[in-house]
Amino acid sequence: EYVGEDWDVLKKYPIKANHTLVINGTGKFCTPGFIDSHVHLLAAGLSTSDHFVDLHSVTTQQEFTQKISDAVKTKKEGEWVQGGSWNNVNWGGQYPNKTWIDSVSPSNPVYLEHWSSHLVLVNSVALAQFKITKETPEIEGGVIGRDQNGEPNGLLFDEAMGLVTPAMPSEEQSKSAIKSAMKELNKFGITSAVNMGSFNEYKLHRQLANDNNLTLRVMSATPLHQWQNMSNEITYLKENGLYDNNYLFVGMLKGFADGALGSHTAALIDAYADQPNNKGVLVTPPQDLSQWVNEADKHKLQVCIHAIGDEANRLTLEIYDNVTAANGRRDRRYRIEHAQQVQLQHIESFKKNKIIASLQPIHMVDDFEYASELLGDRTVDLYRLFSLNNATTTVYGSDWSVASPDVRLGIVAAMSRQSKKYPQGYNLEESVPRIEDVLKSYTVHAAHAMFKEEQVGKIKEAQFADITIWDSSLIDLANNKQWEALKSVKVHKTIVGGKVVYSNE
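Residues numbered from 1 in each chain as written. Predicted model: local features only at pLDDT ≥ 70, side-chain atom pairs only at ≥ 80, totals over all residues. Heavy atoms only, no water.

S.K.: For this particular structure, what's the right way to read the sheet that holds strand β15 (residues 394-396)?
M.R.: Neighbouring strands of a sheet are bound in pairs by backbone hydrogen bonds; such pairs are parallel or else antiparallel. The strand order across the open sheet formed by eight strands is β2-β9-β10-β11-β12-β13-β14-β15, and the pairing between neighbours is parallel. Looking at which strands have only one partner, the edges of the open sheet turn out to be β2 (34-39) and β15. Between one strand axis and the next, the sheet turns by 25 degrees as a mean value, whatever way the strands run. Strand direction decides the pairing type here: strand β11 (residues 248-256) and strand β12 (residues 302-307), joined by five bridges, are parallel. When the sheet's bridge partners are listed, G255 is paired in β12 with I305. In the packing of helix α8 (residues 286-298) onto the sheet, contacts are made with β11 and β12, and the angle to β12 comes to roughly 155 degrees. (Pairing = 2+ DSSP bridges. Helix = DSSP H or I, 4+ residues; strand = E, 2+ residues; numbered from the N terminus. Axes fitted to C-alpha atoms, helices over the stretch in contact; angles between N-to-C directions. Contact = heavy atoms within 4.5 Å.)

See below:
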């Protein structure tokens, strides 16, 4: 309600015993509440459950197999074993296949997602259950992995992942997972997030909002191809006086242009350096993507499209340009999610139509470990943070559960571009030199990117009291390039709407 000096605030709002929480911020560093511009709350919450087999730290085939063997022992015959976060780079780059897990899971279907969420490994039991055989035709926008005889090898890429549907959690399990994920984000100073999920997940968020069980503000981005569902939902909410919910925002749609770099399904202009016959996958037919963007645009819905490879980014920019020309200019705030590999010649297209680049700097830490093998000299086109920041609005997120939601790691990645392979940083010309610009991408720019700049993103009168209090100054540490110290700074308190949702005291 009010921002000012101590004496002025206390004069305007006298402390009332038992009714006023006073936080002593002496020596602390205060920022607007952080906004994670790209998360998957349900998947993230489920990935932290006891039933999820976490494979992110696995470095050998033997360890991979043993993890699944241990998990099977906790299941009844026929029950699903689910897990993921495996990264084949950790053991040299070879993809696993069903032979790694078949011998230890003879009676249980297994479903294990790659860390990118664009590839899954299943066992023979799961393949048989869903009747996936040598004769199964390829799926548009996806790939069925096969051995030298044409038999499915257990790997399913992008749209082919939909051929296998594992057991789904109950409604209560799902809501519990979402609440758990929100609490985890609060621990890192995050007060708002853009959630990329299904329309059914949006309904879960609506239930939680109605019951006052959201501990951060959620912009729910639902599937682009279901634009009519969201259009109808907005009409219903407005007609029934339910649209202006301060914790749950709607109106954003997410589509997919391509897959992921780590699974060789990001769509490239030129073939992969290590797979000369592969240019990746356009997971949505371009004509469908264009039609859906056009229809959503006509209904004044905000569109964001997942684009990783340079061809996917080029295509998405072209679609946005064509729809803008057809429907006339207005304040659309189109977004490209990831914008990982962008050629310099395409940066101008971001600027022309004010396309927002929604980036996840933390992905650099992993991608730089293997990117040169996949892209060769084109690795320089990855994560052009500086160029994009100069051309358009950039916003930052984590892509959690794919990567850690720790904003400190994102800040360090954006400014240092360091990885194990490049401890001094890679292509530092594309780093963001000013911590102030990084903080804006996590706050005021992120608010603008979801049409909420009048409500969140600043510590300002008439805006929601969403505040993150840190134990030390992020600006001082970043300016002195004290990266390890910055990674260790503690969140003192996270405040959403004037309510403390996390405290380390």
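From this point on, the discussion continues.
S.K.: Explain the side chain of E233 to me, please; I cannot follow it from the model alone.
M.R.: The residue E233 is located in helix α7 (residues 227-239) in this model. Excluding residues that lie within four positions of it along the chain, E233 makes contacts with F199, Y202 and R206.

S.K.: What is the right way to look at the packing of aromatic side chains in this model?
M.R.: The way to describe two aromatic rings as a pair is by their centre distance and the angle between their planes. With the rule as written, the count across this model stands at 16 aromatic pairs. With a centroid separation of 5.3 Å and 35 degrees between ring planes, the pair formed by F34 and Y442 is classed as tilted. Note that F34 is positioned in strand β2 and Y442 in helix α15 (residues 435-442), a separation of 408 residues in sequence. Taking relative accessible area as the criterion, Y442 reaches 2% and is therefore assigned buried. Among the aromatic residues, ring-to-ring pairing joins F34, Y396, Y442 and W470 into one connected group. One cation-aromatic arrangement involves R217 over Y247; the distance from NZ or CZ to the ring centre is 4.5 Å. When the ring centre of F464 is taken as reference, the NZ or CZ atom of R217 above it lies at 3.9 Å. (Phe/Tyr/Trp six-rings, centres within 6.5 Å; stacked < 30°, edge-to-face > 60°. Buried < 20%, exposed > 50% of the residue type's maximum accessible area, 1.4 Å probe, protein only. Lys NZ or Arg CZ within 6 Å of the ring centre and 35° of its normal.)

S.K.: What exactly am I supposed to notice about the environment of D377 here?
M.R.: For D377, the location among the structural elements is in the loop between α12 (371-375) and α13 (385-391). For D377, a relative accessible area of 73% translates into the label exposed. Along the backbone, D377 and D274 are 103 residues apart, and their C-alpha atoms lie at a distance of 12 Å.

S.K.: Quick question: what am I supposed to make of unusual backbone geometry here?
M.R.: Peptide bonds are mostly trans, and most non-glycine residues show a negative phi. The step from W400 to S401 runs through a cis peptide bond, and the omega angle for that step is 20 degrees. Counting through the fold element by element, S401 comes out in the loop between β15 and α14 (407-416). The phi dihedral of H338 is positive, around 95 degrees, even though this residue is not glycine. In this fold, H338 is placed in strand β13 (residues 335-338). Since its relative accessible area comes to 3%, H338 is described here as buried. Even without being a glycine, Y383 presents a positive backbone phi close to 55 degrees. By the element assignment, Y383 lies in the loop between α12 and α13.

S.K.: I tried to follow a nonpolar patch on the surface on my own but got confused; where do I start?
M.R.: A cluster of nonpolar residues, L10, I15 and V22, forms a patch on the protein surface that exposes about 280 Å² of accessible area. The topology assignment puts V22 in the loop between α1 (6-12) and β1 (29-32). (Patch = residues over 30% accessible without salt bridge, like charges linked within 9 Å, V, L, I, M, F, W, Y side chains within 5 Å. Areas by Shrake-Rupley, 256 points an atom, 1.4 Å probe, with all protein chains shown as cover. Salt bridge = Lys/Arg side-chain N within 4 Å of Asp/Glu carboxyl O.)

S.K.: Explain the environment of T324 to me, please; I cannot follow it from the model alone.
M.R.: Tracing the backbone through its elements, the reader meets T324 in helix α9 (residues 310-327). A relative accessible area of 7% means that T324 is categorised as buried. With 134 residues separating them along the chain, T324 and I190 place their C-alpha atoms 33 Å apart. Dropping the residues within four chain positions of it, T324 is found in contact with R329, R332, Y334 and N353.

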